[in-house]
Amino acid sequence: MLTDLNSLLALQELDLKLRNLEARLKMLPREMKSLIVKRDELLAVTAAAADKVRRIELAIKDTEGKISGLEEEIRKLQQQSSLVKKNTEYQAMLAAIENNKKKIGEFEEKTLLLFDELEQARQTAAKVKEDNNNTIKNIKSEFDELFAFSKTVEAEIARLKEERPSRLCGIDPDTMAHYTRLLAAKSVLTPVSKVEDGICGNCHLKITPQCLSDIKRDKLAICDNCQGLIYIEEENF
């Protein structure tokens, strides 16, 4: 082969770095989306805690409104009772008044329980909000770091792609075509692998005597097992 081994290894070093960076960049949007989902979940929990406080406040307001309505009824019944002449009607009004007073007592008891519940809900909502806000702050910081990192990776990828053409010198077209196919194959970790103790660095199988002979002659050969490009360091010849 007419390819300069050092040039090919230099190209592979760049390409593997480029491949790793592109893989990392591809993962970043999913990681960032995961942070957004986590943030939204925390915001929903905070909103739910605040909503519980509002619902209790509305329940208290509703109960107080019913108490006011019953008290107004009592006042009207008391005013009307002084004008009633029939004893049966008078007794009916007194019974209605007593019934309203009983209902008021029940609503007042319910209101006291609601105020206790409200205090607890407010404390819980405040704690949830504080804790979640702190966590959301950390999530935002992590998101910003990932975003900044993505820009750094994009810039490095652009730099490597711009540099890559200069690494092609010294590599013959046939070797380059074979190397390109290997680089695109997901099953190949390294298109160009070192042979150690007669073992291919890519497929980890023993190379054939013919391959060994080819490497000693051309410094670069194709593994009969995995079709990867293989070489032996000069001190091992």
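As a reminder, the structure under discussion sits directly above these lines.
In this text, all values refer to a predicted model and were calculated from it rather than measured experimentally. (Residues numbered from 1 in each chain as written. Predicted model: local features only at pLDDT ≥ 70, side-chain atom pairs only at ≥ 80, totals over all residues. Heavy atoms only, no water.)

1. Notes on the environment of Ser187
Part 1: Within the secondary structure, Ser187 sits in the loop between α3 (173–184) and β1 (192–196).
Part 2: C-alpha separation for the pair Ser187 and Asn202, spaced 15 residues apart in sequence, amounts to 9.7 Å. (Helix = DSSP H or I, 4+ residues; strand = E, 2+ residues; numbered from the N terminus.)

2. A short note on the pairing of β1
Part 1: Strand direction decides the pairing type here: β1 and strand β4 (residues 229–231), joined by three bridges, are parallel. Across the sheet, residue Ser193 finds its bridge partner in β4, namely Ile230.
Part 2: Relative to strand β2 (residues 199–200), β1 is paired through two bridges, and the arrangement is antiparallel. Each residue of the ladder has a partner; that of Glu196, found in β2, is Ile199. (Pairing = 2+ DSSP bridges.)

3. A closer look at α3
Part 1: The first and last C-alpha atoms of α3 sit 16 Å apart over 12 residues, in line with the 16 Å expected at 1.5 Å per residue.
Part 2: Every buried residue of α3 is listed here: Thr175, Met176, His178, Tyr179, Leu182 and Leu183. Along the axis of α3, the buried residues cluster in a sector spanning 165 degrees; they form a single face. Those residues of α3 that are exposed and aimed more than 90 degrees away from the buried face are Pro173, Asp174, Arg181 and Ala184.
Part 3: In the core, the buried residues of α3 are packed alongside α1 (5–81), β1, β3 (221–222) and β4.
Part 4: The residue sitting at the N-terminus of α3 and contributing the capping side-chain oxygen is Asp172; that oxygen lies 3.1 Å from the backbone nitrogen of Asp174. (Expected span 1.5 Å × (residues − 1). Buried < 20%, exposed > 50% of the residue type's maximum accessible area, 1.4 Å probe, protein only. Arc of directions from axis to C-beta. Contact = heavy atoms within 4.5 Å. Polar contact = N/O pair within 3.5 Å; in protein donor to acceptor, adjacent residues only side chain to side chain.)

4. Some points on the nonpolar core
Part 1: Ranked by size, the top nonpolar core spans 14 residues in total, and within it Leu8, Tyr179, Val192, Leu220 and Leu229 carry the most contacts.
Part 2: Those elements giving two or more residues to this core turn out to be α1, α3 and β4.
Part 3: What Val192 contacts, discounting residues up to four positions off in sequence, is Leu8, Leu9, Gln12, Tyr179, Leu220, Leu229 and Tyr231.
Part 4: Ranked by size, the runner-up nonpolar core spans 10 residues in total, among them Cys200, Ala221, Cys223 and Cys226. (Core = buried A, V, L, I, M, F, W, Y, C linked by side-chain atoms within 4.5 Å.)

5. A look at the sheet that holds β3
Part 1: Spatially, β2-β1-β4-β3 is the arrangement adopted by the four strands of the open sheet, whose pairing is mixed. Two strands bound the open sheet, and with one partner strand each, they are β2 and β3.
Part 2: Bridge count for β3 against β4 is two bridges, and the pairing is antiparallel. Within β4, the residue paired with Ile222 across the bridge is Leu229.
Part 3: α3 rests against β1, β3 and β4 of the sheet, and its axis sits at about 110 degrees to β4. (Axes fitted to C-alpha atoms, helices over the stretch in contact; angles between N-to-C directions.)

Keep in mind that these numbers describe shape and distance, not what the molecule does.
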